[in-house]
Amino acid sequence: MPGIQCSYGDVTRVDVPIPFFLRESAFLDFDNENYSWEADEDITVLVKCSKRPAPKTSPRDDLDASEASNIGGCPLECPFDPNENFEGTNKPIGPPPVFHGLDFSMVQYEAMDLPTCRGLVKKIYEGDEITVHSLCLDQVSGKLAYTTPIYVACDGSPNAKDLVMIGFHDEKFLELRMMGPYKRQSTQLNLDLFLAYHQHLPNVNPVSVTRQVHAVYEKLHGEHVSQGKVFMEFLWNDPKSLFEPPPTDSASAKLAIQPRPGDANPYLQKLWEEIAGLEKLLDMWDSTKASEADKTNLSCSILGSESEVALEMHNLLSLQAGPAWRKGCEYSDSMDDALQKVATVDRHDVDFVDRVWNILRNTASWDDLIECFHVMFKAVEGKMYRPYLLPSNQSLLSELLKGVMTNQITNYRAKLSPSLVVEVALDCGLHKLYKDYAFILGTCHLIEPRDAKAFLPQRRLYKESLQCIKKLHCIMEVLCLSRERLSLAMTEQEIQTRKLLEYFAKNPLNWDKTFHFDIPMNTISPILTGLHPVYWNLKLESSTALRVARTNAVLARDFFIGHAKKFYVTADGTMPRGYYLYVHRVAQRKM
């Protein structure tokens, strides 16, 4: 995490996206259509440049308690016991966090003691010219207005009241404290305690305090073990106790799904392997276009002993040419049935070109491709085999085969150069996979035929076409994750499909994207039985004629403050299990 090349003494600034647990978007934008977990602004954190690596473990510093008065000038007593044992067990620092925090490299940076932090904040707040200029802090207007929130990293020692960051933004004064870990059933944590904690802020009227909760639950593996994530998040007012389940009559609910390629089930893994084969062909096509080998063609290619893929082509040509007729209608509400038909190439809309791709995807070089096409075109040209081709098949291979069958192409050897051979295979695979995804979505009544036409492969635009195929695959990963882990009805999945199609029509593919969907509370409330939240954010807010005060008490299993790990990590490099408590307080004077 690099710092900007500016400093004030040994202090430097680091601009980072604002962590999720410090944002207000979950409370302000939860009902918006474009609600997202992605950061929409940055924060500036001031840290001390380290001349030596920070130790892995360190005793807690002893600071004078008198230095720990809070930003409002009131002493802030913390009744929590950060040494509480969580069943005597530890977990390694390993599983990826649900939400990322602030984890500065302790080799480059280190936090500062509380008096230094307060002195630095005071200088910036008052607009000290040397300090502001040295740290390149852009002032908008006046001495209090800066473009981003400014925090100073404190060492977080318990005797400093566990302060890990203090700062300000405009007229808002900020502080962040960290404590823990705690058991979910800890008697030290209760709602009244947080209410009393909030009332330490100046000018808080206890009658005007509003309470709101944003909670996130994770639904772990379904039938298939996968790396994709499925979360359920909720927003509701007036909680009665900590960790209370979302009320079914008043909570708003969303799904948050993080897909991974080829991950949701074995069928999608096979389809993703085919996409990986297309990527290799795309690289091969780019290289053959620019190589000297492109000056040759099939007529001057010397064919040696037949390869394995050529033998597979011979086997395909020995089969009966015709459609795979099936009795009855293939439409079904079962996505498993549709995926199985695609995996086994056993359905009514499969023609010769689709079966050829199942052979070509295993080729390792353009020599293998040339040999396959030689075997195929020789049989078609000699009238020994007449392939079955669907009229709707628009692939390049289909056009070439029709040209050979109608004698419009009389010398296929001279026509096919190595780059064209690779292009034909690439185009064949793109059309086959497009047909696969359209078949699955259409069979399950999730789309109409016209809905997927925006993703139809385009001739010569193979990189763009491959991205479209990957988008369709991403849609399937999301649908399979939500179906297997939440058993959603097809009506809910149809809504998901349409939202994903609209999104990908305007946006590029990003596998780090978290997709959010509104969901009726009564649809997923039964799934919450036995689950515990991975993230629970209590927001307390109150207003007076002069000031707005806000306290967020976040309980999460993730460790958000990297420079405070030295107070918690054990000698064997593990972190105690439990919920870590982050208390973020804001005191704002109304303009």
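Residues numbered from 1 in each chain as written. Predicted model: local features only at pLDDT ≥ 70, side-chain atom pairs only at ≥ 80, totals over all residues. Heavy atoms only, no water.

A. Structural detail: the overall build of the chain. Scanning the chain from N- to C-terminus turns up 15 helices and 16 strands. Counting the 591 residues in the chain, one finds 54% classified as buried. Within the chain, counting contacts between residues at least 6 apart in sequence, those at least 24 apart form 77% of the total. A total of about 26800 Å² of accessible surface is found on the chain, and carbon and sulfur atoms cover 50% of it. (Helix = DSSP H or I, 4+ residues; strand = E, 2+ residues; numbered from the N terminus. Buried < 20%, exposed > 50% of the residue type's maximum accessible area, 1.4 Å probe, protein only. Contact = heavy atoms within 4.5 Å. Areas by Shrake-Rupley, 256 points an atom, 1.4 Å probe, with all protein chains shown as cover.)

B. Inspection of the state of the cysteines at higher detail. Taken as a whole, this structure holds zero disulfides when the rule is applied. Residue Cys117 stays outside any disulfide, its sulfur separated by 3.4 Å from that of Cys154, the closest cysteine. (Disulfide = S-S within 2.5 Å.)

C. Quick peek at the packing of aromatic side chains. This structure, assessed with the given rule, holds 25 aromatic pairs. Summarising the aromatic geometry, the rings of Tyr503 and Phe515 are spaced 5.6 Å apart at their centres and angled 90° between planes, so their arrangement reads as edge-to-face. Highlighted residues: Tyr503 in helix α14 (residues 490-506) and Phe515 in strand β12 (residues 515-518), separated in sequence by twelve residues. Judged by its relative accessible area of 5%, Phe515 falls in the buried class. Connected via pairs of aromatic rings, a cluster forms that spans Phe20, Trp37, Phe99, Phe231 and Tyr535. Seen from the ring of Phe30, Lys254 lies directly overhead, with NZ or CZ sitting 5.4 Å from the centre. One cation-aromatic arrangement involves Arg585 over Tyr197; the distance from NZ or CZ to the ring centre is 5.4 Å. (Phe/Tyr/Trp six-rings, centres within 6.5 Å; stacked < 30°, edge-to-face > 60°. Lys NZ or Arg CZ within 6 Å of the ring centre and 35° of its normal.)

D. How the structure looks around the confidence of the model for the chain. Per-residue confidence for the chain gives a mean pLDDT of 82; residues scoring 70 or more make up 82%. The low-confidence segment residues 53-93 (pLDDT under 50) makes 102 contacts with residues lying over four places distant or belonging to another chain. (pLDDT = per-residue confidence, 0-100.)

E. The side chain of Asn537, seen in detail. The topology assignment puts Asn537 in strand β13 (residues 535-543). According to the relative accessible area criterion, Asn537 is buried, its value standing at 1%. Here the side chain of Asn537 touches Tyr535 through a polar contact of 3.2 Å, side chain to side chain. Among the polar contacts listed, one links the side chain of Asn537 to the side chain of Asn552, at a separation of 3.1 Å. Contacts of Asn537, omitting those with residues within four sequence positions, involve Phe21, Phe27, Gln212, Val213, His214, Asn552, Ala553 and Val554. (Polar contact = N/O pair within 3.5 Å; in protein donor to acceptor, adjacent residues only side chain to side chain.)

F. Region of interest: the pairing of strand β10 (residues 229-237). Burial of β10 is extensive: seven of the nine residues sit out of reach of the surface. With seven bridges connecting them, strand β9 (residues 210-218) and β10 associate as antiparallel partners. Residue pairing in the sheet places Ala215 in a bridge with Phe234 of β10. Where β10 and strand β11 (residues 252-258) come together, seven bridges link them in antiparallel fashion. Residue pairing for β11: Phe231 is matched across the bridge by Ala256. (Pairing = 2+ DSSP bridges.)

G. Here's a closer look at the environment of Gly429. Take Gly429: it is sitting in helix α12 (residues 418-443). We classify Gly429 as buried; its relative accessible area is 0%. When the C-alpha positions of Gly429 and Leu278 are compared, they lie 6.8 Å apart, and in sequence the two are 151 residues distant. The residues contacting Gly429, other than those within four sequence positions of it, are Leu278 and Trp357.

H. Representation of unusual backbone geometry. Omega for the peptide link from Gly180 to Pro181 comes to 0°, which places this bond in the cis form. One can find Pro181 in strand β8 (residues 172-182). Of note in the backbone geometry, Arg460 takes a positive phi value of approximately 75° without being a glycine. Phi is positive for Ser487, which is not a glycine, with a value near 50°. Judged by relative accessible area, which is 62%, Ser487 ranks as exposed.

I. Broad picture of α14. With 17 residues, α14 ought to run about 24 Å at 1.5 Å a step, and its terminal C-alpha atoms sit 25 Å apart, in line with that. Three or more residues of α14 are buried, namely Met490, Glu492, Gln493, Gln496, Thr497, Leu500, Leu501 and Phe504. Each element contacted by the buried residues of α14 is listed here: β11, α7 (335-343), α12, α13 (462-486), β12 and α15 (521-524). (Expected span 1.5 Å × (residues − 1).)

J. Focus on the packing of helix α9 (residues 366-381) against helix α10 (residues 396-405). Running from amino to carboxyl end, α9 crosses α10 at an angle of 35°, the nearest separation of the two axes being 9 Å. Between α9 and α10 the crossing geometry is right-handed. The segment α9 lies against α10, with Phe373, Met376, Phe377, Val380 and Glu381 engaging Leu397, Leu400, Leu401, Val404 and Met405. (Axes fitted to C-alpha atoms, helices over the stretch in contact; angles between N-to-C directions. Left-handed = near helix turned anticlockwise from the far one by under 90°.)

K. Geometry of the pairing of strand β2 (residues 11-17). With respect to burial, β2 is a largely interior element, five of its seven residues being buried. Pairing of β2 with strand β3 (residues 42-49), which is carried by seven bridges, proceeds in the antiparallel orientation. Considered in β3, the bridge of Val16 is made with Ile43.

L. View of the nonpolar core. In terms of nonpolar packing, the biggest core is built from 124 residues, with Met335, Phe377, Leu397 and Met476 touching the most fellow members. The greatest single-element share of this core, amounting to 14 residues, is contributed by α12. Membership of the second largest hydrophobic core comes to 45 residues, among which are Ala153, Leu235, Ala564 and Val569. (Core = buried A, V, L, I, M, F, W, Y, C linked by side-chain atoms within 4.5 Å.)

M. Looking closely at the packing of α9 against α12. Two elements in contact, α9 and α12, have axes separated by 9 Å at closest approach and are oriented at 80°. With respect to α12, the element α9 is oriented roughly perpendicular. Each of Trp366, Leu369, Ile370 and Phe373 in α9 lies in contact with α12, whose residues at this interface are Pro418, Val421, Val422, Val424 and Ala425. Of the residues in the contact of α9 with α12, the class split is nine nonpolar, no polar and no charged. (Parallel < 35°, antiparallel > 145°, perpendicular 65-115°, else oblique. Nonpolar A, V, L, I, M, F, W, Y, C, P; charged D, E, K, R; others polar.)

N. Molecular detail of the pattern of salt bridges. Under the defined criterion, the tally for this structure stands at 28 salt bridges. For Glu24, the salt bridge goes to Lys539, with nearest N and O atoms at 2.9 Å. Placement of the pair is Glu24 in the loop between β2 and α1 (25-28) and Lys539 in strand β13, with a sequence separation of 515 residues. The class for Glu24 is buried, based on a relative accessible area of 16%. Several salt bridges converge on common partners, so that one network encompasses Glu274, Arg347, Asp349, Arg361, Lys432 and Asp436. (Salt bridge = Lys/Arg side-chain N within 4 Å of Asp/Glu carboxyl O.)

O. Region of interest: helix α6 (residues 308-317). Buried residues of α6: Val309, Ala310, Met313, Leu316 and Leu317, and no others. Looking straight down α6, one finds that the buried residues subtend no more than 110° of arc, so they occupy a single side. The elements touched by buried residues of α6 are α8 (352-360) and α9. (Arc of directions from axis to C-beta.)

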